[in-house]
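The chain contents come next:
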Amino acid sequence: MSQPLTSKQSVIFQTSQLDGKIYIREQKGYFQRIRRYLSWVLVSGFILLPWVQYHGQQAILFNIAEQKLTLFGITLFPQDMFIFSLIFILAAFLLFYITRLYGRVWCGYTCPQTIWMLMFNWVERRVEGSYRQSQALDKADIGPTKILKKTVKHGIWLSISLLTALVFMSYFVPVSQLYSSVFTFQASAVVQGWVYFFAACTYINGGWIKEKMCLHICPYARFQSVMFNNSTSLMTYDHTRGENRGPRKIKAQKSTELGDCVDCGLCVDVCPVGIDIRQGLQYECINCGLCADACNDVMQKFNYPQGLIKYTAKHVIKRQWSAHLGYGLASLLCFFFIRCVGLSAR
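Keep in mind that this is a model prediction, so the values were computed, not measured. (Residues numbered from 1 in each chain as written. Predicted model: local features only at pLDDT ≥ 70, side-chain atom pairs only at ≥ 80, totals over all residues. Heavy atoms only, no water.)

**Some remarks on the pattern of salt bridges**
And step 1. By the definition in use, this model includes 14 salt bridges.
And step 2. Across the pair Lys 21 and Asp 138 runs a salt bridge whose closest N-O atoms are separated by 3.4 Å. With Lys 21 in the segment before α1 (30–48) and Asp 138 in helix α5 (residues 131–139), this pair connects stretches of sequence that are 117 residues apart.
And step 3. Between Glu 124 and Arg 125 there is a salt bridge whose closest N-O contact spans 3.4 Å. Just as Glu 124 is buried, Arg 125 falls in that class too.
And step 4. Among the charged side chains, a salt-bridge network with shared partners connects Lys 21, Glu 124, Arg 125, Glu 128, Asp 138, Lys 150 and Lys 153. (Salt bridge = Lys/Arg side-chain N within 4 Å of Asp/Glu carboxyl O. Helix = DSSP H or I, 4+ residues; strand = E, 2+ residues; numbered from the N terminus. Buried < 20%, exposed > 50% of the residue type's maximum accessible area, 1.4 Å probe, protein only.)

Here it is as structure tokens:
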């Protein structure tokens, strides 16, 4: 007779950080610089685009009341939804194409969830101190210091969330009217309701849900693995070089029984989704490169070669052009049709 399943045996999927909060350690390095530069460009574009004027009007405006979209002089109506379909198909093909080549780099470098999550983490580090100090503060009893730091942190988070919501709404409400009407409480109840709604979504996603969005909610995290193949460049730990791992002193000569991994755990401390890259390929990995930056710093201190953790592919395709053919042709066709339909819309 078969034995009944225990509670743990009946669980078919469970992450290592199911309920616990992940404290992200700040890390500097090559990949972090790339992310910050991209974040500055993307966030600046997001904020400034609604202020761009074209022929005396807001260049980009989704006018819900009049059911039309204005894009630099081109006006689209609901009957032009075919153009939107082509644009979304093109964006999907480009995303799939990039995923096939470099994995989840969209998630690691340009996804708004990642950008705002790390922005909120930057605020937390400035207010509460290092990630260890944040852990200690959360465990400490309620007192004046804890109340003050938590109030300041959440106040800044809410301010960022409100500004984010206002910028987002400025794509739907003329920017010349939005800010003054909202701050003077003269905006309609509908506009104010949507501003507060999007502010709440930003605050919850960036400050509370964080990596749980990437792990459990985002659909892209679920199906992106089917686009990987042996030629996809992924963030990978070199087991052959790193094992057997073990701690050691910086100036001590390395034992022949030990690999280059000093088992410091920094690659886990800096990971936004809380995984250990040394355990192999995991769908939670967003290919952000923070673990590589942390590992390279450690390798430099021990005078070991860098690249113990790096972007690498299992196999390199000899005929590189064939890897670009399918998605490249599909993207070019979508762009061609968008161009043709757009010219006819003029």
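Don't stop here, the text continues.
**Quick look at helix α7 (residues 175–183)**
And step 1. Among the residues of α7, Val 175, Leu 178, Tyr 179, Ser 181 and Val 182 are the ones counted as buried.
And step 2. Those residues of α7 that are buried are in contact with β2 (57–58), α6 (144–169) and α8 (189–209).
And step 3. Backbone geometry just after α7 places Phe 185 at a positive phi near 60 degrees. (Contact = heavy atoms within 4.5 Å.)

**Thoughts on the pairing of strand β4 (residues 68–71)**
And step 1. Here strand β3 (residues 60–63) runs beside β4; their pairing, made up of four bridges, is antiparallel. Counted as the bridge partner of Leu 61 is Thr 70 from β4.
And step 2. Sheet analysis places β4 next to strand β5 (residues 74–76), joined by three bridges and oriented antiparallel. When the bridges of β5 are listed, Leu 69 appears paired with Leu 76.
And step 3. Counted between consecutive antiparallel strands, the loop separating β4 from β5 contains two residues, among which Phe 72 sits at a positive phi close to 50 degrees. (Pairing = 2+ DSSP bridges.)

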